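Per-entry structural report
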Amino acid sequence: MRQLRFTLSALILVGTLYVGQWSVGSVPALGGLLHPTDGIWGVAIQAELPRESTARIPGLTGQVRVAYDDRGVPHIFASSVDDATRALGYVVARDRLFQLELQTRVTAGTLSELLGPRTLEFDREQRRYGLAWSAERQWGELDPNARTARSLGAFADGVNAWIDGEARQNPPFEYRLLGVQPMHWEPQHALYLIKRMGYTLTLFLGERRRDRIEAMIGADGLEELFGLHSPISEPIVPPPPTVGAPTAPELVRPATVAASGGNTVVGAGARDVPEGWPRWDEPATEHDDPIIGSNNWAVSAARTEAGFAILAGDPHLELTLPSIWYEIHMVVPGEIDVYGVTIPGIPGVVIGFNRRVAWSFTNTEADVVDLYAETLDDPDKPTSYTVDGVWQPLTRRIEEFRDTNGELLATDTIYFTHRGPLLRENGQAHSLRWTVLEDAGEIQAFAEAARASSVAEWLMAMESYVAPPQNMLVADWTGSIAIRPTGRFPVRPNDGRGDRIFDGSRSANEWLGYLATDRLPTAIDPPQGFLASANQEPVDPAVDTTYYGANWPSPWRALRINQLLRADSSVTPDDMQRFQLDPGSARADRFVPAFLQAAEHSLSQVQGDDELREAAQLLAQWDRRYTMENERAVLFEMAMEELVDRVWDELALPSESDSVVARNRIRTPSSAVLATLLNDSTSRWWDDRRTPGVREDRDGMLNASLKAALRRAKDEHGAPEDGGWRWDRIRHVNIHHLLRIPALSALNMAIQGGPGTLNPSSGSGRFGASWRMVVELRPEVRAWTIYPGGQSGNPVSSRYRDRIEHWVSGQLEPVLLPRQPGELEDQRTAGVLILVAEEDQP
């Protein structure tokens, strides 16, 4: 019966591929997929966990028992941390091997070796930033006997044990589809993933646009619309402040920067990838604000119903099948007992908890990258650059790009200065100084955090963490809570700002060092009894003038979290889970009254504007909550889009400067900037420069935008009373398979939430809460978790997408936390894997 199920699963999988549209390229020959020995059958055979199995891993010093629970979570019980890490590598490879390889190749710029020439330009772009080169250099500098090196090596042992065993005989589905074999896993590949995190979360190069923006709106306009600080303040560190504002911040001196990457001198800015593929670096925006964000908050024991601290976290990232996260539990008596999620490829828990401490992260949005304009001896074939009048030699590397058959596709010359990669754009050469390319301490930090037993110990453990900087929230079993933006924050000369291009010919522009950890804005057990971060500015600039970044995201989510927490002094875990899907919107609360007041004022003076009257009446019916059944959020969102397009016409690119609305802008100010503009009805920004002789004001712009939104809503979704305006028919989430195969994706799913809510939905539907966790730190810790997908990367497996339904509805699942193997009940055990050393294999 089981074999019949496997056979049917394989046939269904092949059928869905040929019915659906495969995005990677031409569908492989049907005969190959149905081959009796090398075809799709092996995928189905490996779909489910065997009830009992044994495998060997070279290098194990003792037997390891892995008990999979009925949610597919492996509980790893080992006698040493290195053995537990070997087992982790094995089980991750067992479930996520293709994901391991794909994300490594993305960072390394070797996708063409897996997918062919269509990813060549993407590969060239990745090599220019030097991520893989930096990881290789750091691996070479590690002490082989140090804990980090041992951990990376042990994880690689486990991955390769799976590859050299089962995967060679029955490779995962994607390898069969592409006709390739899995690559060998190297210990340094884990460092690649750390670099990739830094690329995704810190590579903001807005400096390149500042000059163009200033030319369009002037220096005053640039500072007004893209200033250093958030115009609406809801800082992470609450009052009273925990840091001062010293005039000379303490520094950690930087080490000499080793060369770590570069850029070709032939063509730059080639960020295109094949049609239908995800753009790995694409920002998720909602008209005017980035929404690749995250939430975390914690409540101290004094403000919870049961008297125990509770922590919640939900990082918002791109959603994929399989998920970016993999859920694990690792137990080594006397060493670690840690539960949470890892990014497949990293040898330990990234976000999670032990029996005393819980933690989660949000991105700081910090500025940890600078561009330096370099003077080259030859713009076309440079050999040197000048610093303080002395010519310095450029280092050069040759990069070769090959296809799936090993044939040479292209060769690039890569250059870098002492600061880092040399990037070229529009005839300008800029070197890149970036903390992500420098010393890495993240693996060590994660390992130490797993052992912490208090807030203080956990914060100390994370001091070695470098990049990407994160707002690190922690709570412990005593009821204590704390938050600190952790990582390396550069200290720059002069005014300290990093939001401009520096003159690379002057050594006086070099970084002076990094902020010392005890100088970072930190809150520990604040009187208010709770802490929250949602990517907002970390500290009130009136308290601390230190430069951390510029042009911060609007703090709508932070405002809403704090509103909910202030209103409840007896919080429960159920409340925390409910907050994660809260449909309320501080953004709507700010703008809806402005639209309605403008309409009311106009209608009181001018009769006969039936369109404005209808639009205002419809908008007034909305409770400003992004529930799935509401039928008015669509009108508001269209009104906001129209308003943004009209107000920021000064920033429209020339090709659209004469259009009614300009949606292609060089850059868009945040909606917090627009919200503050509501206070000045005659500000120059309300005037539309494309209507000479007419000076628009605030109310005129709001009314025109609302009426235009009504027309669009009717055109696109029908009459408001016909049901086509329901939010769940308009806004969806799309979770794509890694190869963008529709049949293996979860598409067009309705969810609660909208722009600026705690459960934000992007216009593309590809971004959202990648992991949700709530931990109550009782003497016997309790936790609830969910992520959109499943533990297995095998599309035939019952564990491939089994969690999506609960994720969509906002239902978190209680986790199992056995201390010993025998504590996991038989009815909750899906399978048991025994791992032994090579010489112990029976």
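Every residue gets a number counted from 1 within its own chain, in the order that chain's sequence is written. Local features in this predicted model are restricted to residues of pLDDT 70 or higher, and side-chain atom pairs are both shown and tallied only at a pLDDT of 80 or more, whereas totals for entire chains, interfaces and linings draw on every residue. Only hydrogens and water are set aside; all other atoms, that is, all heavy atoms of the structure, feed into the side-chain values.

Thoughts on the overall build of the protein
What counts, and what does not: Working definition: helices are DSSP H or I runs of at least four residues, strands are E runs of at least two. Numbering for both runs from the N terminus. Between buried and exposed lies partly exposed: a residue is buried under 20% and exposed over 50% of the maximum accessible area for its type, with that area taken using a 1.4 Å probe on protein chains only. Whether two residues touch is decided by their heavy atoms; if any such pair falls within 4.5 Å, the residues are in contact. Per-residue and other accessible areas follow the Shrake-Rupley method at a 1.4 Å probe size, with only the shown protein chains counted as cover for residues.
Helices and strands together make up the secondary structure of the protein, namely 22 helices and 33 strands. Every one of the 842 residues in the protein was classed for burial, and the buried ones make up 63%. Across the protein, contacts joining residues at least 24 apart in sequence account for 73% of those joining residues at least 6 apart. A total of about 31,000 Å² of accessible surface is found on the protein, and carbon and sulfur atoms cover 49% of it.

With respect to the pattern of salt bridges
This is how the line gets drawn: A pair is scored as a salt bridge if a Lys or Arg side-chain nitrogen falls within 4 Å of a carboxyl oxygen belonging to Asp or Glu.
If you walk through the whole model with that rule in mind, you get 52 salt bridges. Across the pair Asp82 and Arg150 runs a salt bridge, and its minimum N-O distance is 3.1 Å. Residue Asp82 is located in helix 4 (residues 81–108), and its partner Arg150 is located in helix 8 (residues 147–169); the two are separated by 68 residues in the primary sequence. A salt bridge links Glu776 to Arg778, with the shortest nitrogen-to-oxygen separation between them at 2.8 Å.

Thoughts on the side chain of Asp609
Selection criterion: We call two N or O atoms a polar contact when they sit within 3.5 Å, provided that within protein one can donate a hydrogen and the other can accept it, with sequence-adjacent residues counted only if both atoms are side-chain atoms.
Here Asp609 shows up in the loop between helix 16 (586–605) and helix 17 (610–620). Reaching out from Asp609, the side chain makes a polar contact with the side chain of Lys707 at a distance of 3.2 Å. If sequence neighbours within four positions are ignored, Asp609 has contacts with Leu603 and Lys707.

Things to note about the confidence of the model for the protein
What counts is decided by this rule: Scored from 0 to 100, pLDDT records how confident the predictor is in each individual residue.
Put simply, the protein has an average pLDDT of 87, and 86% of its residues get 70 or more. Scored below 50 in pLDDT, residues 241–287 makes 158 contacts in the model with residues more than four places away or belonging to other chains.

Focus on the sheet that holds strand 18 (residues 422–425)
This is how it is decided: In this scheme, strands are said to pair when DSSP sees at least two bridges between them. Think of each axis as a best-fit line through the C-alpha atoms, taken over the contacting stretch in the case of a helix, with angles from 0 to 180 degrees between the N-to-C directions.
What the four strands build is an open sheet, ordered 18-19-13-23; its pairing is mixed. Each edge of the open sheet carries a strand with a single partner, namely strand 18 and strand 23 (502–503). Alignment of strand 18 against strand 19 (residues 428–434), held across four bridges, turns out to be antiparallel. Across the sheet, residue Arg424 finds its bridge partner in strand 19, namely Ala429. Seen against the sheet, helix 11 (residues 207–225) touches strand 13 (369–373), strand 18 and strand 19 and runs at an angle of roughly 65° to strand 13.

Re the pairing of strand 31 (residues 782–786)
With four of five residues buried, strand 31 is to be regarded as a mostly interior element. Relative to strand 31, strand 30 (residues 772–776) is paired through five bridges, and the arrangement is antiparallel. Opposite Glu776, over in strand 31, you have Arg782 as the bridge partner. As paired elements, strand 31 and strand 32 (residues 813–814) share two bridges and run antiparallel to each other.

Considering the sheet that holds strand 8 (residues 320–321)
In spatial order, the strands read 8-27-28; together these three strands make up an open sheet with mixed pairing. Every interior strand has two partners, whereas the edge strands, strand 8 and strand 28 (746–750), have only one. In the sheet, strand 27 (residues 732–737) pairs with strand 28 via three bridges, with the strands oriented antiparallel. Looking at strand 28, one finds that Val733 is bridged to Met749.

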